Amino acid sequence: MSESGDAVAAFRLLMLTVLGQALSAAGYLLDEDPVSEAAGRFLFLPADKADAELRIEFQVLAGTASEWAPQMPSRFRVTLFRQRAERTLAALVVQDFGVEILPSAEHWWSWQDSAELGAALAEAGHLLVGFGIPWLNGDLKPPT
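A quick note: this is a predicted structure, and the numbers were derived from the prediction, not measured.

Reading the values: rules and limits
Residues numbered from 1 in each chain as written. Predicted model: local features only at pLDDT ≥ 70, side-chain atom pairs only at ≥ 80, totals over all residues. Heavy atoms only, no water. Helix = DSSP H or I, 4+ residues; strand = E, 2+ residues; numbered from the N terminus. Rg over C-alpha atoms; globule rule 2.2 N^0.38 Å. Buried < 20%, exposed > 50% of the residue type's maximum accessible area, 1.4 Å probe, protein only. Contact = heavy atoms within 4.5 Å. Areas by Shrake-Rupley, 256 points an atom, 1.4 Å probe, with all protein chains shown as cover. Lys, Arg positive; Asp, Glu negative; His and termini not counted. Charge placed at Lys NZ, Arg CZ, Asp CG, Glu CD. Axes fitted to C-alpha atoms, helices over the stretch in contact; angles between N-to-C directions. Parallel < 35°, antiparallel > 145°, perpendicular 65-115°, else oblique. 1 Å grid on protein atoms, 1.4 Å probe; cavity = no way out; pocket = protein on both sides within 12 Å on 5 of 7 lines; lining within 4 Å. Points joined across faces, edges and corners; volume = space filled by probe spheres on them. Nonpolar A, V, L, I, M, F, W, Y, C, P; charged D, E, K, R; others polar. Pairing = 2+ DSSP bridges.

Novice: I keep staring at the overall build of the chain and nothing clicks. Help me out?
Specialist: Secondary structure assignment for the chain yields 4 helices and 6 strands. Over its C-alpha trace the chain gives a radius of gyration of 15 Å, about what one expects of a compact globule, namely 15 Å for 144 residues. Put simply, the chain has 144 residues, and 40% of those count as buried. When contacts within the chain are restricted to residue pairs at least 6 apart in sequence, those whose partners lie at least 24 apart make up 53%. By element, 54% of the accessible surface of the chain is carried by carbon and sulfur atoms, the whole surface being about 8,000 Å². Seen as two clouds, the 10 positive and the 19 negative side-chain charges of the chain have centres 9 Å apart.

See below:
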């Protein structure tokens, strides 16, 4: 497996460890798709498949190193899909809800080791459970 493949596999394992139970409890399960996962895309769909319009996507970009550049951090972001609306979790929190807990609406969570990845997933998971999933379900609307 390549270096980037190792980073994506490590991401999958830790993502399911940190967030798997919370997402399952919220009614979302990982759509097992080895091709998409190998490309760094992890998609969670409603467990009952009744509402195929709702999706949570984790996109991973594995950091690489070369003989000319040091190891770059890997990073991920979370995108939410509801009917025809698509929002990154960072944009939803920072722009739509006005909560400046992240550096920007374009934020990507980055990591260089498993401890940093675990912390980044925990932070993203808190925001996903607090803002993202309620927004997807229509239970939480941004202020107007």
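Structure shown, so let's carry the discussion forward.
Novice: For this particular structure, what's the right way to read the packing of helix α3 (residues 89-96) against helix α4 (residues 114-137)?
Specialist: For any two helices packed against each other, the geometry is given by the interaxial angle and the distance between the axes. Relative to each other, α3 and α4 sit at 75°, their axes nearing to 10 Å. Here α4 runs roughly perpendicular to α3, going by the angle between their axes. Residues Leu89, Leu92 and Val93 of α3 lie in contact with α4, whose contacting residues are Ala124, Leu127, Leu128, Phe131, Gly132 and Trp135.

Novice: Help me out: how do you make sense of unusual backbone geometry in this one?
Specialist: Only a minority of non-glycine residues have a phi that is not negative, and only a minority of peptide bonds are not trans. Residue Gln83 is not a glycine yet carries a positive backbone phi of 50°. Within the secondary structure, Gln83 is located in the loop between β4 (74-82) and β5 (85-88). Residue class for Gln83 comes out partly exposed when judged on its relative accessible area of 47%.

Novice: Whenever I open this one, the layout of surface pockets confuses me. Can you help?
Specialist: Over the atoms, a rolled probe matching the size of one water molecule traces out where space is still vacant. The space that makes up the largest pocket amounts to roughly 210 Å³. Among the elements of the structure, α1 (3-25) and α4 are those that each provide at least two residues to the lining of the largest pocket. The element contributing the most residues to the lining of the largest pocket is α1, with 5 residues. Across the lining of the largest pocket, the residue classes break down as 7 nonpolar, 5 polar and 3 charged.

Novice: Help me understand the pairing of β4, please; the structure alone is not making it clear to me.
Specialist: Each regular strand displays side chains that alternate between the two surfaces of the sheet. Relative to β4, strand β3 (residues 55-61) runs antiparallel, the two sharing 7 bridges. Note on β4: the bridge partner recorded for Arg55 is Phe81. Both β4 and strand β6 (residues 109-111) contribute to a ladder of 3 bridges, which runs antiparallel. Across the sheet, the residue bridging to Arg75 is Ser110, located in β6. Judged from the 4 bridges that link them, β4 and β5 form a sheet pairing that is antiparallel.

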